[in-house]
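Structure assessment
Residues per chain, in single letters:
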Amino acid sequence: MIVECELGSCPHCGQPLVPSKAWHVRKTVQTLKEPLFVAGKSKRCDNPDCSHGGAHYHASGVLRISLPYSTYGLDVLAFIGWQHEHEHKQLVEIQQALNQRGIMVNERTVGKLYRQFLALLGGMNEWVE
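For clarity, every value in this text was computed on a predicted model and none was experimentally measured.

Here strand 2 (residues 18-30) runs beside strand 3 (residues 35-44); their pairing, made up of 9 bridges, is antiparallel. Looking at strand 3, one finds that lysine 27 is bridged to valine 38. Once strand 2 ends, the chain turns through 4 residues before running back antiparallel as strand 3.

With that settled, consider the packing of helix 1 (residues 74-85) against helix 2 (residues 91-100). Where helix 1 contacts helix 2, the two axes come as close as 10 Å, and the packing angle between them is 135°. As summarised for this structure, helix 1 and helix 2 are arranged oblique, according to the angle between their axes. For helix 1 against helix 2, the interelement crossing comes out right-handed. Contacts from Val76, Phe79, Ile80, Gln83 and His84 of helix 1 reach helix 2 at Leu91, Ile94, Ala97 and Leu98. A per-class count over the contact of helix 1 with helix 2 returns 7 nonpolar, 2 polar and no charged.

As a further point, take the pairing of strand 3. Consecutive side chains of a regular strand alternate in pointing toward one face of the sheet and then the other. Examined bridge by bridge, strand 1 (residues 2-4) and strand 3 share 3 bridges and lie parallel to one another. Across the sheet, the residue bridging to valine 3 is glycine 40, located in strand 3. Two strands pair when backbone bridges link them, and strand 3 and strand 4 (residues 56-57) are joined in this way by 2 bridges, in the antiparallel orientation. The residue bridging lysine 43 from the neighbouring strand is tyrosine 57, located in strand 4.

A cluster of nonpolar side chains, Ile2, Trp23 and Phe37, forms an exposed patch at the surface whose accessible area comes to about 290 Å². Residue position: tryptophan 23 is located in strand 2.

The rules behind each value
- Residues numbered from 1 in each chain as written.
- Predicted model: local features only at pLDDT ≥ 70, side-chain atom pairs only at ≥ 80, totals over all residues.
- Heavy atoms only, no water.
- Pairing = 2+ DSSP bridges.
- Helix = DSSP H or I, 4+ residues; strand = E, 2+ residues; numbered from the N terminus.
- Axes fitted to C-alpha atoms, helices over the stretch in contact; angles between N-to-C directions.
- Parallel < 35°, antiparallel > 145°, perpendicular 65-115°, else oblique.
- Left-handed = near helix turned anticlockwise from the far one by under 90°.
- Contact = heavy atoms within 4.5 Å.
- Nonpolar A, V, L, I, M, F, W, Y, C, P; charged D, E, K, R; others polar.
- Patch = residues over 30% accessible without salt bridge, like charges linked within 9 Å, V, L, I, M, F, W, Y side chains within 5 Å.
- Areas by Shrake-Rupley, 256 points an atom, 1.4 Å probe, with all protein chains shown as cover.
- Salt bridge = Lys/Arg side-chain N within 4 Å of Asp/Glu carboxyl O.

Now the structure itself:
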């Protein structure tokens, strides 16, 4: 899945943005369905008169799939959070359930992902209020 920057023009000068040749992120993300290759293509402002000329604008759509620097999808985080909070499963039980689905993960990583889930949930509560 290749995700491109959503912006069409520079937010500072209004000139059209130019696609970059390099990807700003590329990784394989483990989702509940299957591993998914994700790449984000950025754009840049080439206007020499712009106060932010040369600035790169990243594809924020990548964040709908996984957190930065994470190789697990947001659906995996939601699964872990739901299992722990609503099904009252222990982390080792969640690890086993994920392993049965073909997602090879250890208990320590499940704990780390659960903490990321809690951080996202906490951020949502702050944002909504």
